[in-house]
Amino acid sequence: MATWNSSSSSPAASPSRFISYRRRTKASSPPRRPSSESPPRKMRSIADIMAKSTPVVVEQEQDDSYGDVTCEKCHSGERDDELLLCDKCDKGFHMKCLRPIVVRVPIGPWVCVDCSDQRPVRSLSQKKIMHFFRIEKQIDQTEKSQLSQETRKHRRRSCSLTVKKRRRKLLPMVPSEDPEQRLAQMGTLASALTALGIKYSDDLTYVPGMAPRSANRSKFEKGGMQVLSKEDLETLEVCRAMYRRGECPPLVVVFDPLEGYTVEADGPIKDLTFIAEYTGDVDYLKNRENDDCDSIMTLLLSEDPSKTLVICPDKYGNISRFMSGINNHNRFAKKKQNCKCVRYSVNGECRVLLVATRDIAKGERLYYDYNGYEHEYPTHHFF
């Protein structure tokens, strides 16, 4: 009996063909999650989360470091809306307790008097005073005598006008006769202007970016403006020429702890005497609505409020910058008034002149009404 040897590789030796095959398998399924993992959750909207969430209240420590601030002058913490905090020492001061009084809340940083690094202004030499006011060189004695005679004639001609108040003619100022005294008077003004960083100017200034000179026309005044007469215009020109020669009215600028810088008569001044012209930068009122300058003067009241002009003596000015205003809400303060500001039309332009309203004695301080006839400036806090 023949047998099949499985180890033989010859096909003749095998009674049948051996066919090898593989088992067909199914596609592999994705791996299953372990039984411990939970099925994926559906994402909720933020509105659902916020609706079901419980608000958490975080208690924050309130900053009460300024809650007990009191005024260093009156030792009261009332009227906290008027308390100014020094940016250096954090001490509080009421605006009305400061000397001089602060009219508006300062814009930007503010420091008290003790922390201020403002240096005291030293006295100026004669050469510096002459250069500060741009005084012309002295003329010879013949021309000086002629000018003094013209001035005396003009004063004699105007003496009779002081009795007749209805005509209201202006008188030229009478400077001090002593040149050293005039130099000392001008030195007080130069020191005060230098302390405030103001440049001297005896005329209106027009700076690019502010109101142009073409906007200053008296014809734009609401209701019209009184025109300066020919005689008064001559008086104004005489006084301007005297200023250029270094002959100023007998006035000194002094510092008062209550009122700040103020003007005091250093000699007798007659009624209706021209004191000075209010000078400074001319700008539109709309540009100065939030200005903290306390000496803004109305120059032109227009029918169109956007064309109303004011004088701002914060960069340029003269002695009118330091003349004090009265509290026109107090009948006792009105008795101190000895000057007035009048707006005139001078050669078609608006000007503000300061004139004495009565005889002023030596040592008397000069006061006038800031408002004039408009009654728009708040003076209830004035002394």
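The text that follows walks through the structure, step by step, so that each part is easy to find. (Residues numbered from 1 in each chain as written. Predicted model: local features only at pLDDT ≥ 70, side-chain atom pairs only at ≥ 80, totals over all residues. Heavy atoms only, no water.)

**Some details on the overall build of the protein**
Put simply, the test is: Numbering of helices and strands starts at the N terminus; helices are DSSP runs of H or I of at least 4 residues and strands are runs of E of at least 2. Summary of the burial criterion: residues with accessible area below 20% of their type's maximum are buried, those above 50% are exposed, and those between are partly exposed, where the area comes from a 1.4 Å probe applied to protein chains only. Between two residues, a contact is recorded if the distance between any of their heavy atoms is within 4.5 Å.
Scanning the protein for helices and strands turns up 6 helices and 14 strands. The buried share of the protein, reckoned over its 383 residues, is 39%. Sequence-distant contacts, at least 24 apart, represent 70% of the contacts inside the protein between residues at least 6 apart.

**Section: the sheet that holds strand β12 (residues 339-346)**
Stated formally: Paired strands are those between which DSSP finds at least two bridges. A fitted line through C-alpha atoms serves as each axis, taken over the contacting stretch for helices, and the angle formed by two N-to-C directions is quoted from 0 to 180°.
Spatially, β6-β13-β12 is the arrangement adopted by the 3 strands of the open sheet, whose pairing is antiparallel. The strands lining the two open edges of the sheet, one partner per strand, are β6 (274-277) and β12. Going across the sheet, the axis of each strand differs from the next one's by a mean of 30°, ignoring polarity. One ladder, built from 3 bridges, connects β6 with strand β13 (residues 349-356); its direction is antiparallel. Bridge pairing links Glu277 to Leu353 in β13. Packed on one face of the sheet, helix α5 (residues 230-244) meets β6, β12 and β13 and runs near 75° to β6.

**Brief notes about unusual backbone geometry**
A negative phi angle is the norm for most residues apart from glycine, just as the trans form is the norm for most peptide bonds. Unlike most non-glycine residues, Arg79 shows phi in positive territory, near 55°. Within the secondary structure, Arg79 sits in the loop between α1 (46-52) and β1 (83-85). Relative accessible area serves as the criterion here: at 39%, Arg79 is assigned to the partly exposed category. Of note in this structure, Leu272 is not a glycine but carries a positive phi near 70°. The residue Leu272 is located in the loop between β5 (260-265) and β6 in this model.

**Observations regarding the environment of Gly197**
Secondary-structure assignment places Gly197 in the loop between α4 (179-195) and β3 (199-200). Relative accessible area serves as the criterion here: at 56%, Gly197 is assigned to the exposed category. Residues Gly197 and Lys315, 118 residues apart in the sequence, show an inter-C-alpha distance of 7.0 Å.

**Side note on the pattern of salt bridges**
Worth spelling out the cut-off: Here a salt bridge means any side-chain nitrogen of Lys or Arg lying within 4 Å of a carboxyl oxygen belonging to Asp or Glu.
Inspection of the entire model under this criterion finds 15 salt bridges. Two residues, Arg351 and Asp203, come together in a salt bridge whose shortest N-O distance is 2.6 Å. You can see Arg351 sitting in strand β13 and its partner Asp203 sitting in the loop between β3 and α5, a full 148 residues away along the chain. Since its relative accessible area comes to 7%, Arg351 is described here as buried. Judged by its relative accessible area of 33%, Asp203 falls in the partly exposed class. With its nearest N and O atoms 3.3 Å apart, the salt bridge here joins Arg351 to Glu349. An identical accessibility class is assigned to Arg351 and Glu349; each is buried. Bridged by salt links that share partners, the residues Asp203, Arg213, Arg217, Glu237, Arg240, Glu277, Glu349 and Arg351 form one connected network.

**Here's the deal with the environment of Phe274**
Position of Phe274 among the secondary structure elements: in strand β6. Sequence separation between Phe274 and Leu170 is 104 residues; the distance between their C-alpha atoms is 6.2 Å.

**Side note on the sheet that holds strand β9 (residues 309-312)**
What the 3 strands build is an open sheet, ordered β7-β9-β8; its pairing is antiparallel. Here the strands that pair on one side only, and so sit at the sheet edges, are β7 (281-284) and β8 (297-300). Across the sheet, the mean angle from the axis of one strand to that of its neighbour is 40°, orientation sign disregarded. By the bridge criterion, 4 bridges tie β7 to β9 in an arrangement that is antiparallel. Paired with Asp281 across the two strands is Cys312, which belongs to β9.

**Comments concerning the environment of Glu277**
Operational definition: Pairs of N or O atoms are called polar contacts if they sit within 3.5 Å, as long as, within protein, a hydrogen donor faces a hydrogen acceptor (for residues adjacent in sequence, only side-chain-to-side-chain pairs).
Position of Glu277 relative to the elements: it lies in strand β6. Once you skip the residues sitting within four places of it in the chain, Glu277 turns out to touch Asp202, Asp203, Leu204, Arg240, Asn318, Ser320, Arg351, Val352 and Leu353. In terms of polar contacts, Glu277 uses its side chain to reach the side chain of Arg240, at 3.0 Å. Looking at Glu277, its side chain comes within polar contact range of the side chain of Arg351, at 2.9 Å.

**Structural notes on the packing of aromatic side chains**
The condition that has to hold: Any two of the Phe, Tyr and Trp rings considered here, Trp counted by its six-membered ring, make a pair once their centres fall within 6.5 Å; the pair's planes then place it as stacked at under 30 degrees, edge-to-face at over 60, or tilted in between. Two limits define a charge over a ring: the Lys NZ or Arg CZ must be within 6 Å of the ring centre, and within 35 degrees of the ring normal.
Scanning the model with the defined rule gives 3 aromatic pairs in all. Geometrically, the ring pair formed by Phe255 and Tyr261 is edge-to-face, given 5.2 Å between the ring centres and 75° between the ring planes. Exposure remark for Tyr261: the relative accessible area of 28% places this residue in the partly exposed category. One aromatic cluster in this structure is built from Phe255, Tyr261 and Phe322. When the ring centre of Tyr284 is taken as reference, the NZ or CZ atom of Lys286 above it lies at 5.3 Å.

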